[in-house]
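Report on the structure
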Amino acid sequence: MERAIRMLNLFTAVIMLVTGFYIQETFDMVLSNNVKTIIIIGMLIYFLLMLDQVLTYKSSNSYPAKE
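It should be emphasised that the depicted structure is a prediction, and the values quoted were computed from it without experimental measurement.

With that settled, consider the overall build of the chain. Along the backbone of the chain there are 2 helices and 0 strands. Looking at the chain as a whole, 19% of its 67 residues qualify as buried. Accessible area of the chain: about 5500 Å², with a carbon and sulfur share of 69%.

Next up, the structure:
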């Protein structure tokens, strides 16, 4: 169940990444460079954190401890 939650979090991070690019392309003339930078940094940080969470989970469960 926890793995499914982590995959859903990664999926939402991908959606956020695509949405950020869409906002930048659609509102290119309206947004200042500072706002564009904040959007890029925010969506990349969120995506990388979710990706790290999924990768850390997979590597920690690759070799379960013997009981």
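Don't stop here, the text continues.
Taking 1.5 Å per residue as the helical rise, helix α1 (residues 2-26) with its 25 residues ought to reach 36 Å, and the 36 Å between its terminal C-alpha atoms agrees with that figure. Regarding α1, the residues found buried are R6, L10, A13, L17, G20 and Q24.

Let us now look at the nonpolar core. Membership of the largest hydrophobic core is limited to 7 residues, which are L10, A13, L17, M43, F47, M50 and V54. Secondary-structure elements contributing two or more residues to this core are α1 and α2 (33-60). For this core, the leading source of residues is α2, giving 4 residues. The residues contacting A13, other than those within four sequence positions of it, are Y46, F47 and M50.

Rules of the game
Residues numbered from 1 in each chain as written. Predicted model: local features only at pLDDT ≥ 70, side-chain atom pairs only at ≥ 80, totals over all residues. Heavy atoms only, no water. Helix = DSSP H or I, 4+ residues; strand = E, 2+ residues; numbered from the N terminus. Buried < 20%, exposed > 50% of the residue type's maximum accessible area, 1.4 Å probe, protein only. Areas by Shrake-Rupley, 256 points an atom, 1.4 Å probe, with all protein chains shown as cover. Expected span 1.5 Å × (residues − 1). Core = buried A, V, L, I, M, F, W, Y, C linked by side-chain atoms within 4.5 Å. Contact = heavy atoms within 4.5 Å.

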